[in-house]
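As a plain string of letters, each chain reads:
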Amino acid sequence: MKIVIIGAGAMGGLFAARLAAAGEDVSVVDVWAEHVETIRTQGLILETGEGEVRTKPAAVTRVEDLAACAADLVIVFVKSGMTAAAARSAQTILGPVGRVLTLQNGLGNAEMIAEVFGADRVLAGTTAQGATLIGPGRIRHGGRGDTHIGRLTGPVDDFCREAAMILSRAGIPAIAEDAVQSLIWGKLVINVGINALTALLRFTNGQLNDHAETRELVKLAVAEAVQVAAASDVRLPYDNAVEKVLAVAAATATNRSSMLQDILRGRATEIDAINGALVREGVRLGVPTPVNATLTLLIKALEKQQGICG
Ligand code: PAF
């Protein structure tokens, strides 16, 4: 399979490095010129518990530079605010029967991609892999966990199973599944509970478990998310959402959440696709979400204070 990854930050870089190390034909597209140049000249270095893995996937800053590519699979890993633009740019490189996979955080990414390619050509899901972008050309592999992928419409098919097998063979254990919305909402609830609070407090994920106040804040934010999910007729992939979120925070205790990493790097966060999206869904369905509305406003204010343009 010819694979192109759009967005070679922490997660995109991790997937690119693992796939390239497994001998897959993989290229990356990223707007950060220094990162791309470093990958091109020195390679992409993945720091793992077992040492460094260096690979050299093709790397470009503009999709057009891969014009003759005809990819079988495009994996979108840009920040959610860039998804629509990434999907439009993927039009020039996706082969005639190729598909686009999103494993991004938040709501709405798969639907934005479906607007460009049609829902039949979209795969979506979640990944519990953890990674940090250390600097140009260098990614650290953090926590490991399963990746779940499915079709936006309909049950899994051979393409979906093959994509999951290729990822698994590359050391990213992946499972093809039917209930994509359940997966996406399951991850959304986790991000709702962890990301904004860790970014506001500058806490690692694990520190949310250390204080009664932060456990209570997680509980309040997550309780709203559970109500909105129920009103949307989405069945979450776990029974006790608060316990699940606190367990993920414990399992990724030393991680800085992606939203905290964005704030520390002076980049726009994914607040609109996470807590903000939940508030919008709540308004649509008549479910009050005052805690998530407050978290959304606080993150937006923090972005302004840091001079970050949304
Ligand atoms: O966005 C993130 O950082 C991750 O999805 C998660 C699960 C919160 C772990 O840090």
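First things first, this report covers the structure right here in the doc. (Residues numbered from 1 in each chain as written. Predicted model: local features only at pLDDT ≥ 70, side-chain atom pairs only at ≥ 80, totals over all residues. Heavy atoms only, no water.)

Applying the stated criterion across every chain, the model contains 1 aromatic pair. For the ring pair F15 and F77, a centre distance of 5.0 Å and an interplane angle of 65 degrees mean the geometry is edge-to-face. With F15 in helix 1 (residues 10-21) and F77 in the loop between strand 6 (71-76) and helix 3 (83-90), this residue pair connects regions lying 62 residues apart in the sequence. You'll find F15 and F77 in the same group, each marked buried. (Phe/Tyr/Trp six-rings, centres within 6.5 Å; stacked < 30°, edge-to-face > 60°. Helix = DSSP H or I, 4+ residues; strand = E, 2+ residues; numbered from the N terminus. Buried < 20%, exposed > 50% of the residue type's maximum accessible area, 1.4 Å probe, protein only.)

This part is about the pattern of salt bridges. Between side chains of opposite charge, pairing is possible as soon as their charged atoms come close. A full pass over the atoms with the stated rule returns 17 salt bridges. One salt bridge connects E37 with R40, and the closest N-O pair in it is separated by 3.1 Å. One end of the pair is E37 and the other is R40, both in helix 2 (residues 33-42) and 3 residues apart, which spans about a single turn. Judged by its relative accessible area of 37%, E37 is partly exposed. For the salt bridge of D65 with R62, the shortest nitrogen-to-oxygen distance reads 2.8 Å. Overall, the relative accessible area of 43% leaves D65 in the partly exposed class. Given the relative accessible area of 44%, R62 is considered partly exposed. Sharing partners across several salt bridges, the network here consists of E47, E52, R138 and R140. (Salt bridge = Lys/Arg side-chain N within 4 Å of Asp/Glu carboxyl O.)

In this section: the site of the ligand. The immediate surroundings of the ligand are formed by N105, K187, N191, I194, N195, N205, N255, S257 and S258. One of the side-chain N or O atoms of N195 is found 3.1 Å from an oxygen atom in the ligand. Contact distances for the ligand include 2.8 Å between an oxygen atom and a side-chain N or O atom of N205. Here the element with the most residues in the shell around the ligand is helix 6 (residues 180-201); it accounts for 4 residues. (Near = heavy atom within 4 Å. Polar contact = N/O pair within 3.5 Å; in protein donor to acceptor, adjacent residues only side chain to side chain.)

Any two packed helices are characterised by how steeply their axes cross, that is the angle between the axes, and by the distance between the axes. Helix 11 (residues 290-305) packs onto helix 7 (residues 212-231) with a crossing angle of 115 degrees between their chain directions and a minimal axis gap of 8 Å. Facing helix 7, whose interface residues are L220, A221 and E224, helix 11 presents P290, V291, N292 and L295. Partitioned by chemical class, the residues of the contact of helix 7 with helix 11 number 5 nonpolar, 1 polar and 1 charged. (Axes fitted to C-alpha atoms, helices over the stretch in contact; angles between N-to-C directions. Contact = heavy atoms within 4.5 Å. Nonpolar A, V, L, I, M, F, W, Y, C, P; charged D, E, K, R; others polar.)

On to the sheet that holds strand 6, then. Read from one edge to the other, the open sheet built from 8 strands follows the order 5-2-1-6-7-8-11-12, with strand pairing classed as mixed. Every other strand in the sheet has two partners, leaving strand 5 (58-60) and strand 12 (174-176) as the edge strands with one partner each. Here the average twist between neighbouring strands, direction ignored, is 25 degrees. The pairing of strand 11 (residues 147-151) with strand 12 spans 3 bridges and is parallel. Paired with H148 across the bridge in strand 12 is I175. (Pairing = 2+ DSSP bridges.)

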